[in-house]
Structure formats: structure tokens, C-alpha cells
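# Structural overview for review
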Amino acid sequence: LQMVQQGGVSKGTRGLNLSEDVFAGLDLVLRGGWTKYQEYFHVGKGRDMGFMSALSFYAKISMGNGEQAITRQWTRMGIELPLQRLFGVFYTHVGYYLTQVLMSKALQVFSFMAAFFAVSGFAD
């Protein structure tokens, strides 16, 4: 009801429309509103969860997070939040993907170094 009184919640670009529920929550919090979290479990018919469908879903979610990271709302939210909440918000959004990239690169470096030390005989 608070968002209806403030106007629409849709954004004008294709990338931002991926996360318009997130932007609705951001706008609500930045305007001084509040929201109550309610979780529902829904059990329904199973769907195809092959590699390509899961990959396209994660690509859509990560694209939405990338678009969120460059907006004014996140800048304002980052300035106004206390440090503890800012860390939580960062890790649940862009920080998750940054951590995944860093872990992937660290695994590659570790594998290369392990192979290098095994071949060079330095470990003996």
C-alpha cells in the first residue's frame, strides 16, 4: 500500500526490469517506509532443470545484480546504511558474485602452483 501511494515501481530499461521487486523495496526503504518479510512455500509441478535452463536463470539473476550495482538507489543505500548492514547487503547482492569470481581464480592459481611444484621437484 505504501508503494501505491508513491507512484509506480517499474523502471524504464530492460536490464532494470529484471529486478523491479528489488527496486520497489529499495525505493520504499529510501523513502522511509517499512516492510514485513513473509515467506511462503509453494509445492507444484516439477520443471526441467537441465544445465542450460539453470545457466540461463543464473545469468538472468546476475545480470539483474549487475544492473542494480550501478544505480543511484544502491549508492544512496550504501551511504545511509550502517557498516554492519552494508556488509550484509553487499554480500547478498554483488559481493556474492565477486566472491565466486575470486574463489574460481584462487582455485586456478592453486592448481597451477600445485602442478608447478610437482613438476619442478621443489616440494622434495
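So, here is what we can say about the structure in this document. These numbers come from a predicted model, not from an experiment.

Parameters and conventions
Note that residues are indexed from 1 along each chain, following the sequence as it is written. In keeping with the model being predicted, local features are shown solely for residues with a pLDDT of at least 70 and side-chain atom pairs are shown and tallied solely at 80 or more, while totals for entire chains, interfaces and linings include all residues. Hydrogens are left out, water is left out, and the side-chain values use all remaining heavy atoms of the structure. A run of DSSP states H or I qualifies as a helix once it reaches four residues; a run of E qualifies as a strand once it reaches two. Both are numbered from the N-terminal end. Only protein chains enter the calculation, and the probe is 1.4 Å; a residue is then buried if its accessible area is under 20% of its type maximum, exposed if over 50%, and partly exposed in between. Note on definitions: a residue-residue contact is assigned when non-hydrogen atoms from the two residues lie within 4.5 Å. The protein chains shown are the only cover counted for residues, whose accessible areas, like all others here, come from Shrake-Rupley with a 1.4 Å probe. To form a nonpolar core, buried Ala, Val, Leu, Ile, Met, Phe, Trp, Tyr and Cys residues must be joined to one another through side-chain atoms within 4.5 Å. Where helices are involved, their axes are fitted lines through C-alpha atoms of the stretch in contact, as for all axes, and angles between N-to-C directions lie from 0 to 180°. Angular relationships are summarised with four words: roughly parallel below 35 degrees, roughly antiparallel beyond 145, roughly perpendicular across 65 to 115, and oblique for the angles in between. By the definition used in this description, the sense in which the near helix is turned from the far one sets the handedness, with an anticlockwise turn below a right angle giving left-handed and a clockwise turn giving right-handed. Each residue receives one of three labels: charged for Asp, Glu, Lys and Arg, nonpolar for Ala, Val, Leu, Ile, Met, Phe, Trp, Tyr, Cys and Pro, and polar for the others, Gly being one of them. Two aromatic rings from Phe, Tyr or Trp, using only the six-membered ring of Trp, form a pair when their centres are within 6.5 Å; if the ring planes differ by under 30 degrees the pair is stacked, by over 60 it is edge-to-face, and anything between is tilted. Space inside and on the surface of the protein is sampled on a 1 Å grid over the protein atoms alone, with a cavity defined as a set of points where a 1.4 Å probe fits but cannot get out and a pocket as an open set with protein on both sides within 12 Å along at least 5 of 7 lines; lining residues have an atom within 4 Å of a point. Grid points are joined across faces, edges and corners, and a volume is the space filled by probe spheres set on the points.

Turning next to the overall build of the protein. The number of helices and strands found in the protein is 6 helices and 0 strands. Put simply, the protein runs from its N terminus to its C terminus through helices and strands in the order α-α-α-α-α-α. Buried residues in the protein amount to 15% of all 124 residues. Put simply, 67% of the contacts in the protein that link residues at least 6 apart link residues at least 24 apart. Of the roughly 10,300 Å² of accessible surface on the protein, 65% is carried by carbon and sulfur atoms.

What follows deals with the nonpolar core. Grouped together as the largest cluster of nonpolar side chains are 6 residues: Phe-23, Leu-26, Leu-30, Trp-74, Met-77 and Leu-81. For this core, the secondary-structure elements that each account for two or more residues are helix 2 (20–30) and helix 4 (72–80). Considering each element in turn, this core owes the most residues, 3 residues, to helix 2. If sequence neighbours within four positions are ignored, Leu-30 has contacts with Gln-73, Arg-76, Met-77 and Glu-80.

Attention now moves to the packing of helix 2 against helix 4. How two helices pack is summed up by the angle between their axes together with the distance between the axes. Running from amino to carboxyl end, helix 2 crosses helix 4 at an angle of 45 degrees, the nearest separation of the two axes being 10 Å. Overall, the two elements helix 2 and helix 4 adopt an arrangement that is oblique. Along this stretch, helix 2 crosses helix 4, giving a crossing that reads as left-handed. Across from Val-22, Phe-23, Leu-26, Asp-27, Val-29 and Leu-30 in helix 2, the residues of helix 4 making contact are Gln-73, Trp-74, Arg-76, Met-77 and Glu-80. Its residues assigned to classes, the contact of helix 2 with helix 4 comprises 7 nonpolar, 1 polar and 3 charged.

So, about the side chain of Asn-65. Along the chain, the position of Asn-65 falls in helix 3 (residues 51–69). On the accessibility criterion, Asn-65 (9% relative accessible area) is buried. With residues up to four places along the chain from it excluded, the contact list for Asn-65 reads His-93, Val-94 and Tyr-97.

What follows deals with the packing of aromatic side chains. Each aromatic ring pair is characterised by the separation of its centres together with the angle its planes make. Counted according to the given criterion, the structure contains 4 aromatic pairs. Residues Tyr-91 and Tyr-96 carry aromatic rings whose centres are separated by 6.5 Å and whose planes lie at 80 degrees to one another, so their mutual orientation is edge-to-face. Assessed through its relative accessible area of 43%, Tyr-91 is described here as partly exposed. One aromatic cluster is present, built from ring pairs that chain together Tyr-91, Tyr-96 and Tyr-97.

Roughly 190 Å³ of internal volume is contained in the second largest pocket. The wall of the second largest pocket is formed by Asn-65, Gln-68, Ala-69, Trp-74, Met-77, Gly-78, Leu-81, Leu-86, Val-89, Phe-90, His-93 and Val-94. Mapped by element, the contributors of at least two residues to the lining of the second largest pocket are helix 3, helix 4 and helix 5 (83–92).

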